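Architecture at a glance
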Amino acid sequence: MNIKSYLNLYQLLEVDRSTKEQRRAFGLSHVLLKNKPIEQLLAWMAEHKNKLKKPLLSETFSSYLYGISLVLVIVGFMAGIFSGLALLNYNGHAPVNVIYFMAMVIALPLLTMTLTLFSILKAHRTRSVLIHLSPSYWLEKIVALLPHKVQTNLEDLKINPLLANWIVIKRSQLIALFFSLGLLVALLLVVATKDIAFAWSTTLHVDAKAFHSFLNTLALPWRPWFPSAVPSLDLIEQSQYFRLGDTLSEEMIGNASKLGEWWKFLAFSTLFYAIVLRFFMYLLSVLGLHIAVKKSFLSLKGVDVLLRDMNEPIITTHAQADGEKNEVSENAALQTVQKLDASYDMVQGWAMSEEQLHVLNDSMQVISPLVYDVGGTNTLEEDREIIHKSSGEVLLYVKAWEPPTMDFMDYLEALLERVDKVVVVPVGMQEEQYHADEKFVTIWARKLALLQSEKVWLKR
């Protein structure tokens, strides 16, 4: 499940014209997913995805979002390289101040990751047009940069602000990660191609011992395994730089060969604070986006109605005589039943699909091990085969508004020769909760009475 799934469901709900009966039929055919709304929605989407026109909204949005992300990642990586080269620029006269590079690979990542955590905590809030700190605001600005044709395709798209926030948060962490990789590449390139003298200098009153203690704390994550990547007190004392004009101390000049050892500390600082921690932030954003997609799935307009239609039976009303289950009509040739039994040996439907029959059984609260559609598009051979399989008590659904035809009467007579009892149930439209109009039921009663068979019952 991803953004494409969300957009496909969004688009399907916009164009879906399925009836409650069709949705309930889907729910009955996927009964194991009843208490799993996300899986149920994904299954429904997979079955109806072919209704969407191409190119899909999800493909258009994802392709351009990918393109923009790729461009920004490349720009971020190149910016990291050029920033690193600028910070490590060495002219052979003055040493490179490590404080600048440390600020870029330690302080800046920690600051931006703190701001990211703030954005994550605020991501669930709806965006206000006056608050531009929300990532969803910037996603709208990015969409505005797309070609006019793409904007036309996306102009009606309304992404959940929660989801939009996480989309931007994830992309921003990816861009920042590649910026940090650029810094590391620049450091390694400069160290490999130049003989650089590193030093440290600050206007603040910081002595070598205090600075050594500070660096030891920063190096705590890798110090036990790579002690050589932690500057020693001697190196810190020898590389402290006091700039007075263009003059370097004689001690620094005498230890120039040792000043390059700083690169190990800078490399591990970049690797841990700018890359490893950022990678964990990226993984957190991936997880957050996945959760946001799930929540946004269930908050889409129309999802509640769709799930309710799939999982709740279509309620039907039954007229029932007080204290009696069966009664004989005024015309003693036809017996009627006011309430259906809980189960039948077989359920059949004249010119109905099996999906419709399952929905009807669910609505009538009837169960049966065998369900068949007869008549309609079936051939005579197919109907004869179903008759041959029939036995015991059979429940036969018919469309109340369609009067019984000769084909139906011929089929019913053949069926009566094989079974003990046939209960004919005229049903109305789904919009009428399958309640059959009394005038249609009367027509069916008169026609069935002509059979003069004790095996035929009519549901009134």
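Everything discussed here concerns the structure shown above.
Bear in mind the structure is a predicted one, so any value in this text is a computation, not a measurement. (Residues numbered from 1 in each chain as written. Predicted model: local features only at pLDDT ≥ 70, side-chain atom pairs only at ≥ 80, totals over all residues. Heavy atoms only, no water.)

Counting secondary structure elements, the protein chain contains 17 helices and nine strands. Burial status across the protein chain gives 45% buried among its 460 residues. Residue pairs at least 24 apart in sequence account for 79% of intrachain contacts in the protein chain once pairs closer than 6 positions are excluded. (Helix = DSSP H or I, 4+ residues; strand = E, 2+ residues; numbered from the N terminus. Buried < 20%, exposed > 50% of the residue type's maximum accessible area, 1.4 Å probe, protein only. Contact = heavy atoms within 4.5 Å.)

On to the nonpolar core, then. Tyr-6, Leu-9, Trp-44 and Leu-163 are the most contacted members of the largest nonpolar core, which totals 36 residues. Among the secondary structure elements, those contributing two or more residues to this core are α1 (3-15), α3 (37-48), α4 (57-87), α5 (98-122), α8 (161-193), α12 (262-299) and α13 (303-311). Of the residues forming this core, the biggest block, seven residues, is contributed by α1. Counting 33 residues, the second-largest nonpolar core is a separate cluster that includes Leu-177, Ile-196, Ala-219 and Leu-235. (Core = buried A, V, L, I, M, F, W, Y, C linked by side-chain atoms within 4.5 Å.)

This part is about helix α16 (residues 406-416). Three or more residues of α16 are buried, namely Phe-408, Met-409, Tyr-411, Leu-412, Leu-415 and Leu-416. When α16 is viewed along its axis, its buried side chains cluster within an angular range of 160° and face the same direction. Turned more than 90 degrees off the buried face of α16, the exposed positions are Met-406 and Asp-407. (Arc of directions from axis to C-beta.)

As a further point, take a nonpolar patch on the surface. There is a patch of nonpolar side chains on the surface, built from Tyr-66, Leu-70, Ile-74, Met-78, Phe-82 and Leu-85 and spanning about 600 Å² of accessible area. Considering the arrangement of structural elements, one finds Tyr-66 in helix α4. For Tyr-66, a relative accessible area of 57% corresponds to the exposed category. (Patch = residues over 30% accessible without salt bridge, like charges linked within 9 Å, V, L, I, M, F, W, Y side chains within 5 Å. Areas by Shrake-Rupley, 256 points an atom, 1.4 Å probe, with all protein chains shown as cover. Salt bridge = Lys/Arg side-chain N within 4 Å of Asp/Glu carboxyl O.)

With respect to the helices and strands, Pro-37 occurs in helix α3. Between the C-alpha atoms of Pro-37 and Phe-297, which are 260 residues apart in sequence, the distance is 9.4 Å. If we skip the residues at most four places from it in the chain, Pro-37 touches Leu-298 and Leu-307.

Across all of its chains, the model carries seven salt bridges by this definition. The partner of Lys-51 in a salt bridge is Asp-16, and the shortest N-O contact between them spans 3.9 Å. Of the two residues, Lys-51 sits in the loop between α3 and α4 while Asp-16 sits in the loop between α1 and α2 (20-29), which places them 35 residues apart along the sequence. A residue is classified by how much of its surface remains accessible, and Lys-51, at 46% relative accessible area, is partly exposed. A relative accessible area of 9% means that Asp-16 is categorised as buried.

Our next topic: α5. With 25 residues, α5 extends 35 Å between its outermost C-alpha atoms, agreeing within 8% with the 36 Å of an ideal straight helix rising 1.5 Å per residue. In the structure, α5 departs most strongly from a straight axis at Met-104, where the bend amounts to approximately 30°. Of all the residues in α5, the buried ones are Val-98, Phe-101, Met-102, Val-105, Ile-106, Pro-109, Met-113, Thr-116, Ser-119 and Ile-120. Of the surrounding elements, those touching the buried residues of α5 are α4, β1 (96-97), α8, β2 (198-199), α9 (208-218) and α12. The distance from a side-chain oxygen at the start of α5 to the backbone nitrogen of Ile-99 is 3.1 Å, and the residue carrying that oxygen is Asn-97. (Expected span 1.5 Å × (residues − 1). Bend = angle between axes of the 7 residues up to and from the residue. Polar contact = N/O pair within 3.5 Å; in protein donor to acceptor, adjacent residues only side chain to side chain.)

Let us look at the pairing of strand β5 (residues 346-350). Successive side chains on a regular strand alternate, one facing one side of the sheet and the next facing the other. Burial runs high along β5: five of the five residues are buried. Residue alternation in β5 divides its side chains into two sets, Met-346, Gln-348 and Trp-350 and Val-347 and Gly-349, and both sets are buried. Across four bridges, β5 lies against strand β7 (residues 393-399) in parallel orientation. Considered in β7, the bridge of Val-347 is made with Leu-395. (Pairing = 2+ DSSP bridges.)

On to the packing of aromatic side chains, then. Following the criterion strictly, the structure yields 14 aromatic pairs and no others. Seen in terms of ring centroids, Phe-211 and Trp-262 are 6.4 Å apart; in terms of plane orientation they differ by 35°. Their pairing is tilted. With Phe-211 in helix α9 and Trp-262 in helix α12, the pair connects residues that are 51 residues apart, well separated along the chain. There is no split in this pair, since Phe-211 and Trp-262 are both buried. Three or more aromatic residues joined by ring pairs form one cluster here, namely Trp-200, Phe-211, Phe-214, Trp-222, Phe-226, Trp-262, Phe-265, Phe-268, Phe-272 and Tyr-273. Of note, Lys-421 hangs over the ring of Trp-457, and the distance from its end group to the ring centre comes to 4.4 Å. (Phe/Tyr/Trp six-rings, centres within 6.5 Å; stacked < 30°, edge-to-face > 60°. Lys NZ or Arg CZ within 6 Å of the ring centre and 35° of its normal.)

Glancing now at the packing of α1 against α12. The N-to-C vectors of α1 and α12 enclose an angle of 15°; their axes lie 10 Å apart at closest approach. The angle between α1 and α12 places the two elements in the roughly parallel class. Relative to α12, the crossing made by α1 is left-handed. For the pair α1 and α12, the contacting residues are Ile-3, Ser-5, Tyr-6 and Leu-9 in the first and Leu-289, Val-293, Ser-296 and Phe-297 in the second. (Axes fitted to C-alpha atoms, helices over the stretch in contact; angles between N-to-C directions. Parallel < 35°, antiparallel > 145°, perpendicular 65-115°, else oblique. Left-handed = near helix turned anticlockwise from the far one by under 90°.)

Interpretation in functional terms is not warranted from these geometric data alone.
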